[in-house]
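Listed below are the residues making up each chain.
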Amino acid sequence: MSAQNLKPSRVLGGVLGLVGFSVLAGVLVTAMVTPAIAVTSMTAQGSIDIFENLPDSIKIGEQAQQNQIYANSGGQPVLLATIYKQNRQVVGWDAVSPLLKQAAVDGEDRRFYTHGGVDVQSIARALVKNGQGGQQSGSSTLDMQLVKNILVQQAFTAVYTGDNQAKQRDDAIKQANGYSYDRKLKEMKLAIGLDKAYTKKEVLLGYLNIVGMGSTTYGVESAALQYFSVHAKDVTLPQAASLLAIVQNPNSQGLASPKTYPANKVRRDQILDAMLGSKDITQKQHDDAVATTIESYMKPSAPNNGCRTATHLSAAAACDYALGVIKAADNLPVDLGAAPVVQSLGANAAERRANWDKGGYKIYTTIDLDLTDQAQTVLETQAPAEETRFKLGATANTVEIGTGKILVMAQNRIFDDGAASDATATTAYNLSVDAPYGGASGFETGSTYKVIDLANWLATGHGLNDLVDGHGPQTYTAKQFSAPCDPGSIPISYPLDNDSNYGGGYMTVKAALMASVNNAFMQMATQQDLCAIRDTAKTMGAHRADFKGDLHVGPSNILGTNEQAPLTMAGVAATIGGAGLHCDPIIITKIINAAGKELAGQPVTCNQALSADVAAGVANAMAGSMTGGTSAQSNPRDGVAIGGKTGTSPTRHQDWVISTTTKVGSSVWTGNLDSAPVSLAKFNNPTTRQNYYYSSRFAIMKSLVKSMNATATYKGDRAFPDPSPAMLGGSSAIVPNLTGQTSDQAQKLLTSLKFQYNDGGPEASGLPAGRITRTDPDAGSKVPSGSNITVFTSDGSLATKMPTVTGLTRQVADAAIASAGFDTGKISYQWAKGNPLPGQTESMCVVQASNPSSGSAASKSDPITLTVYGKPDGTDPGGACPK
């Protein structure tokens, strides 16, 4: 109803609100709350003073409502899960049935359209009834009820800091909900202001969207869907009255349990009577509705709050990870692997959590449900959660190269944050992610870590064809290793054998990776800096899943003893397939807030962890592992280039395969989650009849990669980029020092070392003409065997002899040196003390010696050092020795 069409009684109420209502309200409310003292003028005057000092305006504002998480199917976003503290869906005027509007007005506030926010008649009636000592009569209008609910919502959505934030919020909500003298006064004054600021239509809609409907359900839209599985615009008359019957006392008159149906019906029928009395319904409509049982129209919706009720349970863990990223604490260390923060939801954790609790957000994730469903199916077959002989876990993760977008995050045990610790098919842990986000603390990566060792090997001048000694067993001593960042991590003695007692022997580094030979990689480590390997790992995204410090650097970590999350290792693999570009895995691409505004998701955060050439070298070796090495069973052999690496913990209770194409990086982990783990090699899958250790991880990875390559978007290229000769050849030879040799001598020596001789021509030099002056690369450089060595020879143009300057004064010596063609700007002086020259009584300023020595062959470009007698104490005599 517009302000121009107010009835006289509403105008009177408005005038009272502007002029004298504070006096009347103060007296009436005091009487209503404490009838015994209503007649005392002191109390009445106090009420007036308090009322005048209260705030007089409040905004309806945005109400807490549902959050929705979306994933992708068929290239389109689809709803994955609904998450809320308050199950509310705010709707517009036309989305609410007229029956609900009429039931609210007739049942709660019959003079809603005529009063000015506070119903004076109701207050007076309450005064009389309460003064008679009977049951207290309510007098709250819809405006006042809306005010109360707004105050509760403000307490709910406020940002709390410091300790006991949950208690702070609970106390604030309790205070807003409490029945007190001050609160009633505040509600009345704010209701008057509310009625002035908003139309009746806006007030009524605000009330219907905010009102509590039992437990965590708020507003008529969510209530209609929750109890009847219909929208608020489609409710029937008895349904409308039943919903409004809840608001008077949600606990005793709710619809959540059949136990409260009788009480709901009593109040429902009272509302129907009121609707009939107001002539909003006919007698027949009334009678038919009263005769309708509540059971006949109840059709409760299945619970849909949380990731555990996701529409695709295969992605429940991914859903929970997205939630974990949103709610992540501020103190998670980025340098130790914390996921990129969603800054658009708030500047700090408290603000982000408060905004999330308020709700209304649509979170769009990177998850591909079609691929995740396929991964889930093969996980359930190859690693059945129902395995009873031990606690079997398994995960499959895939990230997109170049963006870090998580496409697949699946596990054999369906995520359920309410699962009991002894549950079989479900778990409250997300096994794929770091501890702060999912509760698990990662797993030993085993020999998958060797791809990181190899990356550092190639980056520090070595090659794939370098020969290393892989025989086993071998025992290493502390002096063989270098770890300047943590010397204490190196044991005095470190014995090591190869897996399955593999003999090894001399082999190329590439062959060592293909066969995963432990001692070959430990031999490589003796030529590397263990701290540098750790740093290479970090640039590739590797980090401990428990966030308890940096990656360990001892020799054992070469073989993957650091516990890492499966998602982390998928990101490491993607770094190799992505030409060395590492991108932090992300799951949230964008957010739409309650107002429809698009907000930023997690930022794409990438770094060039490896050079493209080093990455190509590692991919080359991993491709060998996928064709004729330990990873070969994982290869779908569908024409797409793929590299892989296996990994196993020492007791074989954690088993891995990682893989990369040019489009995606993936990891598959299978493991025994028992506290006293036993090797997976001891058990066969009761469904497939194959051994868990020897088959499951490979079958899962093969299916995962095959499903990726079946899509146009994620199908990899047919080949990886070719590594350079330096990566393939390695630094198997050192360029010799050829300076001073003849061209023939130099060519013979280089040929014997399998280098290629390249004549660089003559250049100005003090060496005799035709003698070698330098090489490119420089002498001492490590280069691949067979490399071209460019040799430069002297043209003799700078050749000369050092004049004899001993016994001359500095000034005379300088002139002699200049006459010989030397650059006097390159002369330096050292001052000496000592006995005077024979027959001289004054030695100061006389040259004692020269370098080059007098008469020796030299180059005109050479620097010259003169040792000259100085003061008796051997210091520079300054101007006493003229130049």
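Residues numbered from 1 in each chain as written. Predicted model: local features only at pLDDT ≥ 70, side-chain atom pairs only at ≥ 80, totals over all residues. Heavy atoms only, no water.

A. Representation of unusual backbone geometry. Note that the residue after Gly 472, namely Pro 473, is joined by a cis bond; omega there is 0°. In this fold, Pro 473 is placed in the loop between strand S9 (467–469) and strand S10 (474–477). A cis amide bond, omega 5°, links Asp 776 with the succeeding residue Pro 777. Mapped onto the secondary structure, Pro 777 falls in the loop between strand S23 (772–776) and strand S24 (782–783). With a phi close to 50°, Arg 637 is a non-glycine residue in the positive phi region. Considering the arrangement of structural elements, one finds Arg 637 in the loop between helix H25 (612–628) and strand S18 (643–648). Relative accessible area serves as the criterion here: at 55%, Arg 637 is assigned to the exposed category. Phi at Lys 754 takes a positive value of approximately 70°, unusual for a residue other than glycine. (Helix = DSSP H or I, 4+ residues; strand = E, 2+ residues; numbered from the N terminus. Buried < 20%, exposed > 50% of the residue type's maximum accessible area, 1.4 Å probe, protein only.)

B. Quick peek at the layout of surface pockets. Quantified by volume, the second largest pocket comes out at close to 650 Å³. In terms of lining residues, the second largest pocket is bounded by 32 residues, among which Ser 447, Asp 499, Ser 516, Thr 648 and Tyr 693 are the most central. Elements represented by at least two residues in the lining of the second largest pocket include exactly strand S11 (493–496), S18 and helix H26 (692–709). Here the residues of the lining of the second largest pocket sort into 10 nonpolar, 15 polar and seven charged. (1 Å grid on protein atoms, 1.4 Å probe; cavity = no way out; pocket = protein on both sides within 12 Å on 5 of 7 lines; lining within 4 Å. Points joined across faces, edges and corners; volume = space filled by probe spheres on them. Nonpolar A, V, L, I, M, F, W, Y, C, P; charged D, E, K, R; others polar.)

C. Spatial organisation of the state of the cysteines. Within the structure shown, the criterion is met by four disulfides. Linked covalently through their sulfurs, Cys 307 and Cys 319 form a disulfide whose S-S length is 2.0 Å. Taking the sign of the torsion about the S-S bond as the criterion, the disulfide between Cys 307 and Cys 319, at about -70°, is left-handed. With Cys 307 in the loop between helix H15 (294–297) and helix H16 (316–326) and Cys 319 in helix H16, the pair connects residues that are 12 residues apart, well separated along the chain. Judged by relative accessible area, Cys 307 falls into the buried class, the value being 3%. Taking only the cysteines that form disulfides and numbering them from first to last, the protein has the pattern 1-2, 3-4, 5-6, 7-8. (Disulfide = S-S within 2.5 Å.)

D. Fine view of the pairing of strand S30 (residues 864–869). Across the six residues that make up S30, a large majority, five, are buried. Both strand S27 (residues 827–832) and S30 contribute to a ladder of six bridges, which runs parallel. Within the sheet, the bridge partner assigned to Ile 827 lies in S30 and is Ile 864. Relative to S30, strand S28 (residues 847–851) is paired through four bridges, and the arrangement is antiparallel. Residue pairing for S30: Val 847 is matched across the bridge by Val 868. (Pairing = 2+ DSSP bridges.)

E. Broad picture of empty space enclosed by the protein. Under the definition given, this model contains four cavities of 30 Å³ or more. Estimated volume of the largest cavity: approximately 60 Å³. What lines the largest cavity is Tyr 449, Leu 530, Ile 533, Arg 534, His 552, Val 553, Gly 554, Asn 557 and Ile 558. The residue makeup of the lining of the largest cavity, split by class, is five nonpolar, three polar and one charged. There is about 40 Å³ of room inside the second largest cavity. As for the second largest cavity, its lining consists of Val 399, Glu 400, Ile 401, Gly 402, Gly 404, Gly 571, Ala 574, Thr 575, Leu 581, His 582 and Cys 583. Put simply, the parts of the chain that give the lining of the second largest cavity at least two residues each are strand S4 (392–400), helix H24 (566–577) and strand S14 (581–583). Taken together, the residues of the lining of the second largest cavity break down into five nonpolar, five polar and one charged.

F. Up close: the pattern of salt bridges. Taken as a whole, this structure holds 21 salt bridges when the rule is applied. Put simply, Lys 200 and Asp 195 hold a salt bridge, and the shortest N to O gap is 2.7 Å. Classification of Asp 195 by relative accessible area gives buried; the value is 7%. The salt bridge involving Arg 544 is made with Glu 563; its shortest N-O contact spans 2.8 Å. Residue Arg 544 is found in the loop between helix H23 (530–539) and strand S13 (563–564), and its partner Glu 563 is found in strand S13; the two are separated by 19 residues along the sequence. The exposure class assigned to Arg 544 is buried, which follows from its relative accessible area of 7%. Linked through salt bridges whose partners overlap, the residues forming this network are Arg 534, Asp 535, Lys 538 and Asp 550. (Salt bridge = Lys/Arg side-chain N within 4 Å of Asp/Glu carboxyl O.)

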